[in-house]
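Each chain, letter by letter, is given below.
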Amino acid sequence: MLFQNGIAQEPVSIQFTQKDGLPDKEFYRIAEDKTGLIWLAGNKGLTKYDGNEFSTLENSEKRGFSVFELTVDDDDRKWCINISGQLFYAVNDHLILYKDFKKDLKGNLAELIYHDGFLVVSTYFIIITIDIKDNIIRKFPNETLYFSRPSIINKQIVFWTHRQRFIIKNGIIVGANKHQFPKSKSNDLIREIPLEGNKNLFVYLINGKITNAYLFDNKKFLKIDVPKEILATSINLIKTEGNSVWFLCKNGAFQTSFSSGKLSIANHYFKNEIITDFIIDSDGNSWFSSLDKGVYVLPNTKITDVAYDEKLGEPLKILKGKENDLLVGFSSGKLLIYNTLSLEKTIVNLPKENRVSAVSYDRFGDRYLVFQDIKLFQVSTKKPFNFTEIPNESVAMKQVEFFSEKEYLFSQFTRSGISKVENFPKITASSFQKIKRGYACHYNPISKLSFFGFVDELVIFDHDKNQNYTVKTVAGKDLFAHSILHTNDGFTWIATFSKGIFRIKNKRIVAHFTTKNGLLSDRVNALATDNNTIWIATEKGIQIGKLNNRKLEFTNLFTQDGVPSYNISDMAVVGNSVYFSSPERIFAIEKNFEKSALKRAKIYFTSIKINQENQKISSNYLLENRNSNVVIQFNVNGLGGISGNQFEYRLKGLNEKWTLLDIGKREVQFANLPSGNFTFQLRSVSNRNDAEHLKEIKFEVTKEFYESVWFWIAVSILLLLLVYLYFKRKIKLEKQVSEEEKAKLFLDNQLINLKLENLQSQMNPHFIFNALNSIQEYIVHNKKELASSYLVKFSRLIRLYLDQSRENSVSLEQELMAMKLYLELEKVRFEDKLEYTLKINCEIKASEIYLPPLFIQPYVENAFKHGLLHRKTDRKLLVEFHYDESTKILSICIEDNGIGRIAAQKLKFARPNYHTSFATSANEKRVALINENRAQKISVEIIDVTENGMASGTRVCVQVPQ
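Read on for a plain summary of the structure. Keep in mind the model is a prediction, meaning the values are calculated, not measured.

### Some points on the packing of helix α6 (residues 812–829) against helix α7 (residues 857–867)
No. 1: Interhelical geometry of α6 versus α7 gives an angle of 20° and a closest axis separation of 11 Å. Taken together, the axes of α6 and α7 lie roughly parallel to each other. Here α6 runs over α7; the crossing is right-handed. The residues of α7 that touch α6, namely those facing Glu815, Met819, Tyr822, Leu823 and Glu826, are Gln857, Val860, Glu861 and Phe864.
No. 2: Of the residues belonging to the contact of α6 with α7, the class tally is five nonpolar, one polar and three charged.

### Digging into the sheet that holds strand β3 (residues 27–32)
No. 1: Spatial strand order, β3-β4-β5-β6: four strands in an open sheet with antiparallel pairing. The strands lining the two open edges of the sheet, one partner per strand, are β3 and β6 (54–57). Going across the sheet, the axis of each strand differs from the next one's by a mean of 25°, ignoring polarity.
No. 2: Here five bridges tie β3 to strand β4 (residues 38–42), and the two strands are oriented antiparallel to one another. Bridged to alanine 31 within β4 is tryptophan 39.

### Comments concerning the side chain of arginine 191
No. 1: Turning to its location among the elements, arginine 191 is positioned in strand β19 (residues 189–195).
No. 2: The buried charged residue arginine 191 lacks any salt bridge partner; its closest oppositely charged side chain belongs to glutamate 111, at an N-O distance of 6.5 Å.
No. 3: Apart from residues lying up to four places away in sequence, arginine 191 is in contact with Arg149, Ser151, Leu201, Phe202, Val203, Leu205 and Ile238.

### Considerations on the side chain of asparagine 444
No. 1: Tracing the chain through its elements places asparagine 444 in strand β43 (residues 438–444).
No. 2: Setting aside chain neighbours within four positions, we find asparagine 444 in contact with Leu449, Phe451, His486, Gly490, Phe491 and Thr492.

### Some thoughts on the pattern of salt bridges
No. 1: Evaluation of the coordinates by the stated rule reveals 33 salt bridges.
No. 2: Between lysine 876 and aspartate 874 there is a salt bridge, and its shortest N-O distance comes to 4.0 Å.
No. 3: Owing to a relative accessible area of 39%, lysine 876 belongs among the partly exposed residues under this scheme.
No. 4: Each of Arg29, Glu69, Glu111 and Arg149 takes part in one network of salt bridges that share partners.

About the thresholds
- Residue numbering note: each chain is counted from 1, following its sequence as written.
- Under the rules for a predicted model, residues below a pLDDT of 70 receive no local features and side-chain atom pairs below 80 are neither given nor counted, while totals for whole chains, interfaces and linings still include all residues.
- The basis for every side-chain value is the complete set of non-hydrogen atoms in the structure, without hydrogens or water.
- Axes here mean lines fitted to C-alpha atoms, for a helix over just the part in contact, with angles spanning 0 to 180 degrees between N-to-C directions.
- Secondary structure elements are taken from DSSP: a helix is a run of H or I of four residues or more, a strand is a run of E of two residues or more, and numbering for both begins at the N terminus.
- Throughout, the term roughly parallel applies to angles under 35 degrees, roughly antiparallel to angles over 145, roughly perpendicular to angles from 65 to 115, and oblique to all others.
- Working rule for handedness: look at the near helix, and if it is turned counterclockwise from the far one by less than a right angle, call the crossing left-handed; if clockwise, right-handed.
- In what follows, a contact means two residues having at least one pair of non-hydrogen atoms within 4.5 Å.
- For this scheme, ten residues count as nonpolar: Ala, Val, Leu, Ile, Met, Phe, Trp, Tyr, Cys and Pro. Four count as charged, namely Asp, Glu, Lys and Arg, and the remainder, Gly too, count as polar.
- Between any two strands, pairing holds if DSSP finds at least two bridges.
- Burial classes: relative accessible area under 20% of the type maximum marks a residue as buried, over 50% as exposed, and values in between as partly exposed (1.4 Å probe, protein chains only).
- Positive charges come from Lys and Arg alone, negative charges from Asp and Glu alone, with His and the N- and C-terminal ends not counted.
- A side-chain nitrogen of Lys or Arg and a carboxyl oxygen of Asp or Glu constitute a salt bridge if their distance falls within 4 Å.

Pasting the structure below:
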């Protein structure tokens, strides 16, 4: 066995290092400004901590990296100085060089102190006072006496030179020896420390070590005893806080108090560290800067570490033992028995080195049981905690709970259930067992029910009815439990892997707790109960749940409250504390822990982005409707900043309901805000009723042009105008169509008339008379066959003319058929003194080419009537057809060898009562009417044919586009 004497448990501290964003590990001074920001003067410069991250301020004129000393003035400017004599102040995240005292300080490190508008820069040989408001600098060099570090006593800046006391008034040094001071050595430096009740502590130092100390009270000096631990060390700084005097030394920080004429050590923190400065912030957290380990914070002295030898490995299981014992099973297989009252620790060196899988206290058999996977040891509950190995054939246990002298509950990797104590450790058949992996088991003595958490279900065994039941949620789903406990009010509490916590009364689920109703996380690591209080360890913090009017109210504990780890593996309540095990440590929280209310949760906005572009922080923003994506980031200064507060927000004008943000979240996003006026409001949940802590930003989102009243008025007017124009145009078009129909009807009538006129002209009396005479002559001369043939041709021609007169267009093939009949009949008329030729291009497809009906015949008739009729012999007529495939134009040429147009005109004028050719004029009108409805016009060209200067005929060329 290995015993350790009881020692005071040290409060849990938070350490900030370079891993947490610090620029370095070496710091000299620490201060808090009026907004709650923490400032650090260190080896790499002036660093700011805003409760979320560290940032270091830079100045391009600064010589070197380090800055020393740190003080805050009434305007919240942070002053620091470097060893080169450059005096800086920080404002609005900028480090500004105020003055360079290089020549005055001569490379010596100066000390800074501020009071009532004056800043004092001092070394052992010079005092420099600065009136910050009026920018007046006064210098007081001293080459014979050593100046001590100034202090603020009774609202005055005081310093010493050997045994002479001085004060600084309005920037001027004034002597102030009013009392006979105790004698000191010539090289003693005197530090005067103000205490409560108008008392002062005088400390005499040589090379950082205390030689004497006096208390000045009621105009008397009383020599006081200083603890030897403080006398033996080197003092870096002496500060007071309330009734305590803090000595910050090379071997930690001593908190002392006065009692019976001597200083007594109340606490000694960080024994192995060089502590350089100390403050208590506005929220009551104690901050310590160190020379080589970064920064330490003590959030709460009611959360303490339980020290143990790291060679024991990782603490896996903890359990309340007999009376005040805490049992801890380690990954090394060892057992630690910790008496929480005497603080005595005993290590039970079990021979095997397998990890401890379960620890149990058999209060009926008065023994401790330690399970090392498949090994089992029985340990005495009394000193010297002797142990024996018990043969064990069972696989690794996860939990064993003795609830009576005869039976116990067990959960292991292959099965869970109830077994007989008399056969322990052999598992024998009993009232209930299931062959499947188990995670947890627990007996509720109030309801007399046993609960078993299996890999796929939660089962309740009723001992009175000897029945088991599977517990289902309201939705009919199974529960997967890994921790089960009860409270004195009879409730059974079930911790699940990812579904929060269930509360069961008898066999029925009566409540379900998740992040929606108070849990920090739905992933619960461990549970512990104390009377009617439940302690919950989650991955985001520790919670204390207490029932208040049937409602479970939570107190949340976080890192800034002193919780050193959220990675909790097990919990146990022993005596006045709740103990927690994590892979790195064991720590305890006193059960009467009361979370100190933060004195300040002043929210401020750090970033406003509109459409992913950073904006200057303002209280009002004007947004265009199409640019209304907003991201708002905020922060709260101090240790308990974002992670120590929970926030809620709403956007008035869009939703009056407050929305709760997740713990640690410091950003709110709005996508595509509609047009209108909105007020974004943000507050801390803990300050809901404090209007002073409500932060807000106003947004005005302009309407799109189509959302304005004038737009809709304009649209209405435009629609009315369009309707008016539409109907006006419609009426106009209908009128135009009507006019066109009338014109078309008129043209059709004209064409019909022309066709009739053409028909009449084609069948002129001469033609009919000649045709009938020819028939008569054939009959008289008994030429019946010729008469019959002629009559047939004549009738066929008349029928063709009548048929074509009813069509708008006919094929060239039909036109040629009529043309041939006509020419044959005219040849008879001219008593065979006529020779005609029809010449057709062989490439012409006569059936696919169209032209107006009865179109060519009038031009042929004119050739007979005005040209060939006046010629007695050798009458010739040529009708030629040609089709150009590239231009799609049909060309028709009618050429005769008559007397010509001029001679024909003379004969016509020489006749009495002459008239214009009816066929010619009718055809001209017809061509003009047809061309009105055609994109490509029909053209007619008449050419006089001459030979040796004399008229020898006429050629008419007609072009009909297809």
